[in-house]
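An overview of the molecular structure
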Amino acid sequence: MLKILRCTASYGNYKVFRPFSLEVPPGETITMAGPSGCGKSTFLSLLAGLKQPDSGTLELNNQRIATGNLHTALILQDYGLFPWFTVLENVALGLKIRGVEKEKRLFRARLEIEKVGLSGLERRYPGELSGGQRQRVALARSLSLDPELLLMDEPFSALDAVTRESLQELLGQILSAGNIITLLVTHSIEEAVFLGKRIFLMSRGPESRLYEYQGMAGERDKGFRKDPAYFSLCSLLRERMEEIS
Amino acid sequence: MKKRVVLILQGTLLLLLLWWGFSLAFGQRLIPPPQRVFPELVRLLGKDLLLHTLSTLGRTLAALSVSLFLALPLGIALGRIRWMDNLFSPLSYLLYPIPKIALLPILMLIFGITDTAKIAVVALVLFFQILIEVRGSVRSIPREYIISITSLGASPLQRVFYVLGPYILPQVFTALRIGSGTALAVLFFAETFFGSRGLGFFIMDSWMRISYTQMFAGIIMMALSGLVLFLLLDLLERLFCPWRKVVFD
């Protein structure tokens, strides 16, 4: 369980958001959308333990969130992979840092690489992969750590539409099978609706507010995108977004 | 790689043509043509030219190693640790522009008329070049890399080994490549200054003996030494930075 209680954060005198509280049970994916500069990334930094809140508490399974929390995995839009490591080394790096012995970590890394559909590319370098393949590697690395909390900052924003959708579907499938609490930050309403069990809109800062919406149930597959309910939720949220930003 | 070899051969051919042209223009006594210099070069290699070349190369490699060994850790520290940077960087900016070759007499007082003095003056020049390059490249590391490795739970030492080191390595090689040219230039001067071994000595000695053909043979060996250093650094970079093949090929 992820518990956030009356949390605030600031940069100097700039107050990023109003105090807010949030609870997310295991296995749930929440998504967050909002205009640039609303504080989405700050929110993510708090959860990743990279920034300290001014007030309030953040707890993951009754433990305060701190820097270098081994139960949290983070996926960024870019630069998340290290160009000097091969796909296999990149995926196994987190396990290596945690002191998992070589045979075990390579076995696990190969398993996760297979899960994201990149078998056969283990020895390539990130520079030899497409943008979509790179994010699959980033996903495999995160999953190899068995995280309790998975944080993603605009993970698919740099990808073309087709690649983005296939990765969203892959992510949806993987997450629905696991017990990971996932928070995905995006500027795309469609992505937020597609992946979120709950969807949060954040208003423009300073002192942004969070607005919560119920997401849709059901399998995240191709059919999901054709559901009229999906369209109407997207357009509803788009209207709300225009009002608050 | 094959392409590179062809390009180098092309360049060599062009250079020989130019040289031959100059020789025709200025007279064979002043600028001996290639066809006279190369037989002489082969003959001299059988005597002591090879020894002079090897001692110049050896000194350059020693100076490169010493300066790298000292400047690399210090450069990383300056790039990462604020108080060290505040303490040492103003100092390095003050010392950097001083022509280190001017310190050769002092180094001779400290180390005597020895190889060590020659290596020290070259290392001193390279030290500041590498230091400034390393510090700069450490500072230019994208924040995302640091966030990414930190979120994986890496200790500060692991961050240096897994991220910082590999990130700056290609730039270190660039610094060494630029440095190898500077090193040969400084060393040439130091070798003409004292001692009786090294290409600097050989070239100036031939000049004083008015043996221009031998002098040119020395100059060619100097150029080849530079080329060997360059190729060696290329080879090492390919070995240590295999991911760069994406960029190279």
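All figures in this text were calculated on a predicted structure; none of them were measured in a lab.

**As for the sheet that holds strand β5 (residues 29–33) of chain A**
Residues and elements named next belong to chain A. With mixed pairing, six strands are arranged side by side in an open sheet as β8-β9-β10-β5-β11-β12. Sheet topology places β8 (72–75) and β12 (210–214) at the edges, where each strand pairs with a single neighbour. Within this sheet the neighbouring strands show an average axis-to-axis angle of 20°, counted without direction. Direction of pairing for β5 relative to strand β11 (residues 198–202): parallel, over a ladder of four bridges. Following the sheet pairing, Met32 is matched in β11 by Phe200.

**Overview of the interface of chain A and chain B**
Contact with chain A, which involves 21 residues of that partner, is made by 16 residues of chain B. With three residues, helix α2 (residues 87–97) of chain A is the largest single contributor of residues to the side of chain A that touches chain B. A class-by-class count of the residues in the side of chain A that touches chain B yields twelve nonpolar, six polar and three charged.

**Thoughts on the nonpolar core**
Within the largest apolar cluster, 111 residues are counted, with the highest numbers of intra-cluster contacts made by Leu47 and Leu151 of chain A together with Val121, Val122 and Leu126 of chain B. Per element, the largest residue contribution to this core is 14 residues, and it comes from helix α6 (residues 115–139) of chain B. Of the residues that make up this core, three or more belong to each of domain 1 (2–71 + 148–244) and domain 2 (80–146) of chain A. Contacts of Leu47 of chain A, omitting those with residues within four sequence positions, involve Leu58, Ile65, Leu149, Leu151 and Leu183 of chain A.

**As for α2 of chain A**
Of all eleven residues that make up α2 of chain A, nine are buried, and the element is covered over most of its length. Buried residues of α2 of chain A: Val87, Leu88, Asn90, Val91, Ala92, Leu93, Gly94, Leu95 and Ile97 of chain A, and no others. Each element contacted by the buried residues of α2 of chain A is listed here: α3 (102–115) and α4 (131–144) of chain A together with α8 (156–193) of chain B.

How each quantity is defined
Residues numbered from 1 in each chain as written. Chains lettered and ligands numbered in written order. Predicted model: local features only at pLDDT ≥ 70, side-chain atom pairs only at ≥ 80, totals over all residues. Pairing = 2+ DSSP bridges. Helix = DSSP H or I, 4+ residues; strand = E, 2+ residues; numbered from the N terminus. Axes fitted to C-alpha atoms, helices over the stretch in contact; angles between N-to-C directions. Contact = placed C-beta atoms within 7 Å. Nonpolar A, V, L, I, M, F, W, Y, C, P; charged D, E, K, R; others polar. Core = buried A, V, L, I, M, F, W, Y, C linked by C-beta atoms within 7 Å. Buried ≥ 20, exposed ≤ 12 C-beta atoms within 10 Å, placed from the backbone. Domains from an automatic or database assignment.

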